[in-house]
Amino acid sequence: MTASDAGPLSRREWLLSERPASRMQARLGRAYVAWRRFSANRLALVGLLIILALVAVAAFADVLAPYSPTVGDLKNARLVPPGAAHWFGTDDLGRDIYSRIVYGSRWTLYVVILVAIIAAPIGLLVGTVAGYAGGWTDAILMRITDIFLAFPKLVLALAFVAALGPGIENAVLAIAITSWPPYARIARAETLTVRNSDYIKAVQLMGASPFRIVLRHIMPLCISSLIIRVTLDMAGIILTAAGLGFLGLGAQPPLPEWGAMIASGRRFILDQWWVAAAPGAAILIVSLGFNLLGDGLRDALDPRSGDQ
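Keep in mind it's a predicted model, so treat the numbers as computed, not measured.

1. Some words on the overall build of the chain
Thinking step 1. A count of helical and extended segments in the chain gives twelve helices and zero strands.
Thinking step 2. For the chain, the α and β elements follow one another from N to C terminus as α-α-α-α-α-α-α-α-α-α-α-α.
Thinking step 3. Along the first, second and third principal axes, the C-alpha set of the chain runs to 75 × 55 × 25 Å.
Thinking step 4. Taking all 308 residues of the chain together, 44% fall into the buried category.
Thinking step 5. Residue pairs at least 24 apart in sequence account for 70% of intrachain contacts in the chain once pairs closer than 6 positions are excluded.
Thinking step 6. Considering the chain, the positive charge centre built from 27 side chains and the negative charge centre built from 20 side chains are found 6 Å apart.

Okay, here's the thing in structure tokens:
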């Protein structure tokens, strides 16, 4: 029986078959089981909705934002409280805070995506090579990793971005440099658990090179754990980027970066609270969304979890 001619119940049985007839059926079955585990966690679904909303806001910022994020009305709209004309109020330069937050979502996604693209592959490569090679290679790579882990992430990022110079690109690079060590540790631990398994021994007997074994057979086994850790780290990445922006070392004016917006609003925190509160709430909600999503992915992708 195929999925095309099966009803809802038989399609479920086809996906959950213990003897899949093809690789496609096996992949679809694993994806279905993972989705069942994920969807059983209601908070994880809330996190997913928050992240999807963030992506949608960033994609349609030109439509959703009623004002320019960089040009304000200094004469007539300076520090206007939240109201019908300006939902989140205006800042000290007469710029609409809602529009700046909407456009700032693009920079938030820009930072987290680039950091993940840079840091995760580095950590995956270092961890799998160290775990599979062992010996001096493992010792050297892990001592380098320990050096990076010995410093608080924000302090180390401050040192790198101070050396590279202020700017959003340098901030991304500095955060990525400080973010890869935990991924390397996870990848090494996963590699140590499988490098002496019968599966890897069989590949070695077939004549596969160490490079091919690491790239084609060990790295894919580490992907699920790495995805979970990267997702959970997104909140920390956002906070680090906001901290750099708050200190003036991240995105530079007039870019609508949330951390820089909080920095510009700290002077008015007692009387015009909305200037700093609105971007702070945006950081809180997005960070919470990534944490909830990461918890759900951990439950869904953990191979030790039973079917729910």
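2. With respect to the UniProt feature "domain: ABC transmembrane type-1" (unreviewed entry) in the chain
Thinking step 1. On the UniProt side, "domain: ABC transmembrane type-1" (unreviewed entry) is annotated at positions that read residues 109–294 here.
Thinking step 2. Taken end to end, residues 109–294 is 82% helix and 0% strand, and its first and last C-alpha atoms sit 16 Å apart.

3. Some thoughts on the side chain of H86
Thinking step 1. Assignment of secondary structure puts H86 in the loop between α4 (61–64) and α5 (97–133).
Thinking step 2. A relative accessible area of 11% means that H86 is categorised as buried.
Thinking step 3. If we ignore the near neighbours within four places in the chain, the residues touching H86 are Y67, A77, V80, P81 and D96.

4. Describing the pattern of salt bridges
Thinking step 1. In the structure shown here, the tally under the stated rule is nine salt bridges.
Thinking step 2. R188 is the partner of D138 in a salt bridge, and the nearest nitrogen-oxygen pair spans 2.8 Å. Here R188 lies in helix α8 (residues 168–194) and D138 lies in helix α6 (residues 135–149), a separation of 50 residues in the sequence.
Thinking step 3. When salt bridges with common partners are traced through the structure, they connect D91, R95 and R100 into a single cluster.

5. A closer look at helix α3 (residues 42–59)
Thinking step 1. Between its first and last C-alpha atoms α3 spans 26 Å; for 18 residues at 1.5 Å apiece the expected length is 26 Å, and the two agree.
Thinking step 2. Among all positions of α3, only A44, G47, I50, I51, L54 and A58 are buried. For α3, the buried positions fall inside an angular range of 115° around the axis, keeping them on one side. Exposed residues on α3 whose side chains face more than 90 degrees from its buried face are R42 and L49.
Thinking step 3. Buried residues belonging to α3 abut α2 (23–39), α4, α5, α11 (258–265) and α12 (274–301).
Thinking step 4. Capping of α3 at its N-terminal end is provided by N41; its side-chain oxygen lies 3.1 Å from the backbone amide nitrogen of L43.

6. A look at the nonpolar core
Thinking step 1. Core analysis: the biggest nonpolar cluster contains 64 residues, and V111 and W258 have the highest contact counts within it.
Thinking step 2. If you tally residues by element for this core, the top one is helix α10 (residues 210–246), at 14 residues.
Thinking step 3. Grouped together as the second largest cluster of nonpolar side chains are five residues, A61, Y98, V102 and Y103 included.

7. A look at the UniProt feature "transmembrane region" (unreviewed entry) in the chain
Thinking step 1. In this numbering, the UniProt entry assigns the feature "transmembrane region" (unreviewed entry) to residues 43–65, 107–133, 154–179, 227–252 and 272–294.
Thinking step 2. Annotated as 91% helix and 0% strand, the span residues 43–65 places its first and last C-alpha atoms 29 Å apart.
Thinking step 3. Across residues 227–252, the secondary structure splits into 77% helix and 0% strand, with the terminal C-alpha atoms separated by 31 Å.

8. What about the layout of surface pockets?
Thinking step 1. Within this model, the second largest pocket holds a volume of roughly 290 Å³.
Thinking step 2. In terms of lining, the second largest pocket is formed by 15 residues, of which the most central are V57, I101, W258, A282 and V286.
Thinking step 3. Among the secondary structure elements, those contributing two or more residues to the lining of the second largest pocket are α3, α5 and α12.
Thinking step 4. For the lining of the second largest pocket, the leading source of residues is α12, giving five residues.

9. Considerations on empty space enclosed by the protein
Thinking step 1. Counted under the stated rule, the structure contains three cavities of 30 Å³ or more.
Thinking step 2. Around the largest cavity, the lining residues are G104, W107, T108, V111, V112, I238, A241, A242, E257, W258, G259 and I283.
Thinking step 3. Counting only elements with at least two residues in the lining of the largest cavity, the list comes to α5, α10 and α11.
Thinking step 4. In terms of residue count, the dominant contributor to the lining of the largest cavity is α5 (five residues).
Thinking step 5. Forming the walls of the second largest cavity are D91, I97, R100, M261, S264 and V275.
Thinking step 6. If you list the elements that add at least two residues to the lining of the second largest cavity, you get α5 and α11.
Thinking step 7. Counted by class, the lining of the second largest cavity contains three nonpolar, one polar and two charged residues.

What counts as what
- Residues numbered from 1 in each chain as written.
- Predicted model: local features only at pLDDT ≥ 70, side-chain atom pairs only at ≥ 80, totals over all residues.
- Heavy atoms only, no water.
- Helix = DSSP H or I, 4+ residues; strand = E, 2+ residues; numbered from the N terminus.
- Buried < 20%, exposed > 50% of the residue type's maximum accessible area, 1.4 Å probe, protein only.
- Contact = heavy atoms within 4.5 Å.
- Lys, Arg positive; Asp, Glu negative; His and termini not counted.
- Charge placed at Lys NZ, Arg CZ, Asp CG, Glu CD.
- UniProt positions renumbered as here; feature names shortened; annotations may be inferred.
- Salt bridge = Lys/Arg side-chain N within 4 Å of Asp/Glu carboxyl O.
- Expected span 1.5 Å × (residues − 1).
- Arc of directions from axis to C-beta.
- Polar contact = N/O pair within 3.5 Å; in protein donor to acceptor, adjacent residues only side chain to side chain.
- Core = buried A, V, L, I, M, F, W, Y, C linked by side-chain atoms within 4.5 Å.
- 1 Å grid on protein atoms, 1.4 Å probe; cavity = no way out; pocket = protein on both sides within 12 Å on 5 of 7 lines; lining within 4 Å.
- Points joined across faces, edges and corners; volume = space filled by probe spheres on them.
- Nonpolar A, V, L, I, M, F, W, Y, C, P; charged D, E, K, R; others polar.

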